[in-house]
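# Tertiary structure, described
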Amino acid sequence: MRAQTRPYLSLKDYFLEKYGRRVQKITVALPFTCPNRDGSKARGGCTFCHDGSKPSMLTPTVPLEIQIKEGIERAKRKYGEDIFFFVYYQSYTNTYADLQTLKRVYDTALKFDRVVGIDVGTRPDCAPEEVLDLLSEYSESGLEVWVEYGLQSANFETLKRINRAHGVSDFVDAVLRTKRRPLKVCAHMIVGLPNETREDVIETAKLIASLPVDGVKIHPLHVIKGTVMAKQYERGEFELLSLEEYVELSADVIEILPQSVVIHRVTGEVDESLLIAPEYCKPSMKNEVIGRILLELERRETCQGAKTSYYLNRST
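The protein is annotated in an unreviewed UniProt entry as Radical SAM core domain-containing protein from Hydrogenivirga caldilitoris. If you open the UniProt record of the protein and go to Cofactor (unreviewed entry), you find "[4Fe-4S] cluster".

With that settled, the discussion passes to the sheet that holds strand β8 (residues 262-265). Taking strand neighbours across the sheet as the criterion, the seven strands line up as β1-β2-β3-β4-β5-β6-β8 in an open arrangement whose pairing is parallel. Strand pairing shows two members of the sheet lacking a second neighbour, β1 (23-28) and β8, which therefore form its edges. Taken over all neighbouring pairs, the strand axes of this sheet differ in orientation by 25° on average, direction set aside. Of the pairings in the sheet, the one linking β1 to strand β2 (residues 84-89) comprises six bridges and is parallel in character. Along β2, the bridge assignment pairs Gln 24 with Phe 85.

As a further point, take the pattern of salt bridges. Under the definition given, this model contains 30 salt bridges. The residue Glu 255 makes a salt bridge to Lys 307 at a minimum N-O spacing of 3.6 Å. Residue Glu 255 is located in helix α9 (residues 243-256), and its partner Lys 307 is located in the segment after α10 (286-300); the two are separated by 52 residues in the primary sequence. By relative accessible area, which is 55% here, Lys 307 ends up exposed. We note a salt bridge from Arg 300 to Glu 296, for which the minimum N-O separation is 2.8 Å. Remark: Glu 296 and Arg 300 occur in helix α10; sequence separation between them is four residues, near one turn of the helix. What makes Arg 300 partly exposed here is its relative accessible area of 24%.

Taken as a whole and judged by the stated rule, the model has zero disulfides. Take Cys 46: it sits in no disulfide, and the sulfur closest to it among the cysteines is that of Cys 49, at 5.9 Å. Residue classification places Cys 46 among the buried positions, given a relative accessible area of 9%. You can call Cys 49 buried: its relative accessible area is 16%.

Here is what the cut-offs are and how they apply
For every chain, the first residue of its written sequence is number 1, and the numbers climb from 1 along that sequence. This being a predicted model, a pLDDT of at least 70 is required before a residue's local features are given, and a value of 80 or more before pairs of side-chain atoms are given or counted; all residues contribute to the totals for chains, interfaces and linings. Computation of side-chain values covers all heavy atoms of the structure but excludes hydrogens and water. UniProt positions are given in the numbering used here, feature names are shortened, and annotations may be inferred rather than shown by experiment. Two strands qualify as a pair provided DSSP detects at least 2 bridges between them. Here a strand is any run of E in DSSP of at least two residues, a helix any run of H or I of at least four, and the numbering for each starts at the N terminus. Under this scheme, a helix contributes an axis fitted over its contacting stretch, all axes are lines through C-alpha atoms, and angles between N-to-C directions fall in the 0 to 180 degree range. Only one rule defines a salt bridge in this text: a Lys or Arg side-chain nitrogen within 4 Å of an Asp or Glu carboxyl oxygen. Three labels apply to residues, based on accessible area from a 1.4 Å probe with only protein chains included: buried if under 20% of the type maximum, exposed if over 50%, partly exposed otherwise in between. For the purposes of this analysis, a disulfide is any pair of cysteine sulfur atoms at a distance within 2.5 Å.

Spelled out as structure tokens, the structure:
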């Protein structure tokens, strides 16, 4: 276990330690779907999801190679030439296609010599052995490969309410099978889901901490226009967390996560034209939210891993 010198291990710090320079993620969008949208498991998608979580500036109809090239050019203009890149397959379920299609998609990243890794966003019920084997081939060729699984909550009743159409056991199974290979796993959790208590949030964090998970994204629940959840919110079916409540719960989660887990995110933001609430999920407030979480950890005189009971061997 590394010595704890920071409140938590951020993705930026992890990349800097490993590569000695900034590593920028290039987010791309593909014309995929999800099994809880196409009817194979459910219809309508997750109640909180807008357009497959696709960033507003991306269009799946633009060829993937062009999306990557333009993303690299934007990053170089902002951060300079001396940077590396990850290609982040984010929107919808990026393992939900036939192997030939997936290989073509992942191979595109290999055309760019400063790309050092790929990051594949998917669901825990969409990780068949043959796809994990395919992803392992990229790892074995020298790329760093992350697989991001949306858990969101360890409460099965919550998963049903938000129409995830998978269970907690699917997540556990996917993590264990993925970690039999030279792949890294990032888990997503949402803090503030309808009807959840602090105990639910803590239990989700403990489940993640008990598994060989390499990274975590912590998101506050936010309501986006045009979603099922937007209608539920407008009907007054649930309340959102205040910024103070979110900061406290995020600090609770960070204390539980083992020190070796890379914390990819501690907040989430969405374009103001789409956001209904809360206000702190506006892009302009991202740094304030992060700063408030850091201040809360400082106030507690605590840090990542301070309250974990799980000491797994996370050598891969």
